[in-house]
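Here is how the chains run, residue by residue.
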Amino acid sequence: MRIRSRYTVMNTFDEGTLIYNWKNGAQVFITKGEYNEDILALTNNECDKIKKAELMQLFTVESKTDEIMQVVINYYKNAFDPTKLSFIIMPNNICNFNCRYCYQNHDKKQINGEIADRFIQAVKNHYYQNGLTEFYIEWVRR
């Protein structure tokens, strides 16, 4: 038995209905003239009556599906994926936020050539060991 996904939201406006799924990003806008049996079945959570496969796949799930666990698993797969690497680089370590809970020592150090070379070598090593599908660097100047 299929049910509407807990992440599927339907908002009705004068012009029609926007159907959006927060988990997979799928969205469709149905004008009032385009309403059909599938949209009514989705609206009434009678999802086994939906005939259009795309609508069923994007906005419904099997009733036994633990969608929250799927989101948690997906989060951890992405958060600890070794093929994705990101850094925030503060080249002079000057931070003026002065947060009470901060564990960093902000003694105005600057990155020297040796540290930069070691950083580049570490990224290269990571690339050769794991491959990279995503690499992101944010350069913060203060």
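Our structure is the block above this text.
So, how was this worked out
- Residues numbered from 1 in each chain as written.
- Predicted model: local features only at pLDDT ≥ 70, side-chain atom pairs only at ≥ 80, totals over all residues.
- Heavy atoms only, no water.
- Pairing = 2+ DSSP bridges.
- Helix = DSSP H or I, 4+ residues; strand = E, 2+ residues; numbered from the N terminus.
- Core = buried A, V, L, I, M, F, W, Y, C linked by side-chain atoms within 4.5 Å.
- Buried < 20%, exposed > 50% of the residue type's maximum accessible area, 1.4 Å probe, protein only.
- Contact = heavy atoms within 4.5 Å.

Bridge analysis of strand S2 (residues 8-12) against strand S3 (residues 16-21) gives five bridges, and the strand direction is antiparallel. Residue pairing in the sheet places Val9 in a bridge with Tyr20 of S3. Counted between consecutive antiparallel strands, the loop separating S2 from S3 contains three residues.

Turning our attention to the nonpolar core. In terms of nonpolar packing, the biggest core is built from 11 residues, these being Ile19, Ala26, Ile30, Ile39, Ala41, Leu42, Cys47, Ile50, Leu55, Met56 and Phe59. Put simply, the parts of the chain that give this core at least two residues each are helix H1 (37-43) and helix H2 (53-59).

What follows concerns the environment of Phe87. Among the secondary structure elements, Phe87 is positioned in strand S6 (residues 84-89). When its relative accessible area of 25% is taken as the criterion, Phe87 is described as partly exposed. Phe87 sits 78 residues away from Val9 along the chain, and the two C-alpha atoms are 35 Å apart. Other than its neighbours up to four places away in sequence, Phe87 contacts Phe119, Val123, Phe135, Tyr136, Ile137 and Glu138.

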